[in-house]
Amino acid sequence: MGLFGLGLALRRAAASLGEPRGFGHAVAEMVLGAVVLLFVSGAVSYAAKLVRRPSVIREELRTMPGRLGLSAFATCFYLLATTLSPYLPDLARGVFWAGLALHAGLIALILQTFAAGPAEQRRYSPAGHLYFVSPAVGAVTAALAGYSSLAFAIMLYAVVLTSVLWAWGADRLIREGMPPPLRPLLALHLAPAAVIGLVAAVLGLLAVAQVMAALSAFILAALIIGARKVTAGGFSALWGAFTFPLAA
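Please read these numbers as outputs of a predicted model, since none were measured by experiment. (Residues numbered from 1 in each chain as written. Predicted model: local features only at pLDDT ≥ 70, side-chain atom pairs only at ≥ 80, totals over all residues. Heavy atoms only, no water.)

**Concerning the pattern of salt bridges**
Two side chains that carry opposite charge are able to pair once their charged atoms sit near each other. Threshold: The salt bridge criterion pairs a side-chain nitrogen of Lys or Arg with a carboxyl oxygen of Asp or Glu, the two atoms within 4 Å. Only DSSP runs of H or I reaching four residues or more are called helices, and only runs of E reaching two or more are called strands; each is numbered from the N terminus. To sort residues, take the accessible area from a 1.4 Å probe on protein chains only and compare it with the maximum for the residue type: under 20% means buried, over 50% means exposed, and anything in between is partly exposed.
For the structure shown, the criterion picks out seven salt bridges. One salt bridge connects lysine 49 with glutamate 60, and the closest N-O pair in it is separated by 3.1 Å. Placement of the pair is lysine 49 in helix H2 (residues 23-52) and glutamate 60 in helix H3 (residues 56-61), with a sequence separation of 11 residues. Lysine 49 sits in the partly exposed class, given a relative accessible area of 35%. A salt bridge links aspartate 90 to arginine 93; its shortest N-O distance comes to 2.4 Å. Remark: arginine 93 and aspartate 90 occur in helix H5 (residues 89-116); sequence separation between them is three residues, near one turn of the helix.

Rendered as structure tokens:
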């Protein structure tokens, strides 16, 4: 997911520098081509795993790393569709709809897992942004594919849910703080602001995009200033939470 975001950021940078077929564009497309191969390989492997043992998805949904991984997997379908859109627009639209259906099903399973599981699972976590707000990444894809009304609807959904999660998270952090090993997940607060801003920009809502850009800059500055506290738990796989928010 982070590598897709990096490749798409490089593509946008090359376009903004006015070199649609220059060196920067070539580098961006090479990165994206490699990431597409990596993602397809992972997707096929996971599909084979599900065919052999379908119950594995329920097992993974019981743990935070499993839920994070599956949510990132679903979000990658939107990023794949955005990557393919300049070359194979019809295929890109098909990948987008497949990703949206997969993501909706996954969100339903996560909610079901939370409802049936212990109360501790229902406590606030920044991971909720990846679980529930990441369809906003699909809004960028939808806007680029010409589904402006759908993109706007997803953006409104993301704004409402993000606001709720930010307010809930602020209350939790003020009251209880966060254990050091989980603090890298705080970076996930940056992603919704940045992605909502991208959607607004694509839809031509420049005032909204500028507000979200300023908010993104504020969150990023807070993360940089607090970097020592955020990384106090030492390196872990949760440092992956830094990748896509930075790219976005």
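Next, the rest of the story.
**Section: the nonpolar core**
Going by this rule: By nonpolar core we mean a set of buried residues, namely Ala, Val, Leu, Ile, Met, Phe, Trp, Tyr and Cys, connected to one another through side-chain atoms within 4.5 Å. Only heavy atoms matter for contacts: two residues are in contact if any of them lie within 4.5 Å across the pair.
Counting residues in each nonpolar core, the largest one holds 46 residues, and the members touching the most others are Phe4, Phe39, Leu80, Val195 and Leu223. With residues up to four places along the chain from it excluded, the contact list for valine 195 reads Ala136, Val137, Val140, Phe244 and Ala248. Counting 20 residues, the second-largest nonpolar core is a separate cluster that includes Leu61, Met64, Leu130 and Leu185.

**Comments concerning the side chain of threonine 141**
To keep it simple, the criterion reads: Side-chain atoms alone can form a polar contact between residues adjacent in sequence; in general such a contact is a pair of N or O atoms within 3.5 Å, and within protein one must be able to donate a hydrogen while the other accepts it.
Position of threonine 141 among the secondary structure elements: in helix H7 (residues 135-144). Engagement of the side chain of threonine 141 in a polar contact is seen with the backbone oxygen of tyrosine 78, the distance being 3.1 Å. Filtering out sequence-adjacent residues up to four positions away, threonine 141 remains in contact with Tyr78, Ala81, Thr82 and Phe96.

**A short note on the packing of H7 against helix H8 (residues 148-176)**
When two helices pack together, you describe them by how their axes are tilted relative to each other and by the distance separating the axes. What counts is decided by this rule: Note on geometry: axes are C-alpha line fits, over the in-contact stretch for helices, and angles between N-to-C directions span 0 to 180 degrees. By definition in this entry, angles of less than 35 degrees are roughly parallel, angles greater than 145 are roughly antiparallel, angles of 65 to 115 are roughly perpendicular, and the rest are oblique. By the definition used in this description, the sense in which the near helix is turned from the far one sets the handedness, with an anticlockwise turn below a right angle giving left-handed and a clockwise turn giving right-handed. Gly is put with the polar residues, along with every residue not named as nonpolar or charged; the nonpolar set is Ala, Val, Leu, Ile, Met, Phe, Trp, Tyr, Cys and Pro, and the charged set is Asp, Glu, Lys and Arg.
As a packed pair, H7 and H8 sit with axes 8 Å apart at the nearest point and diverge in direction by 160°. The pairing of H7 with H8 is recorded here as roughly antiparallel in orientation. Of the two possible hands of crossing, H7 and H8 adopt the one that is left-handed. Packed against H7, whose contacting residues are Pro135, Ala136, Ala139, Ala142 and Ala143, the element H8 presents Leu150, Ala151, Ile154, Met155, Tyr157 and Ala158 at the interface. Looking at the contact of H7 with H8 residue by residue, the classes come out as 11 nonpolar, no polar and no charged.

**Thoughts on a nonpolar patch on the surface**
Stated precisely, the cut-off is as follows: To count toward a patch, a residue needs a relative accessible area above 30% and no salt bridge. Like charges then connect within 9 Å, nonpolar side chains (Val, Leu, Ile, Met, Phe, Trp, Tyr) within 5 Å. The Shrake-Rupley method, run with a 1.4 Å probe sphere, supplies the accessible areas, and residue values consider only the shown protein chains as cover.
Together, Leu3, Leu6, Leu10 and Leu38 make up an exposed nonpolar region whose accessible area comes to about 340 Å². It is helix H1 (residues 2-16) that provides the largest number of residues to the nonpolar patch, a total of three residues. As for its placement among the helices and strands, leucine 3 is situated in helix H1.

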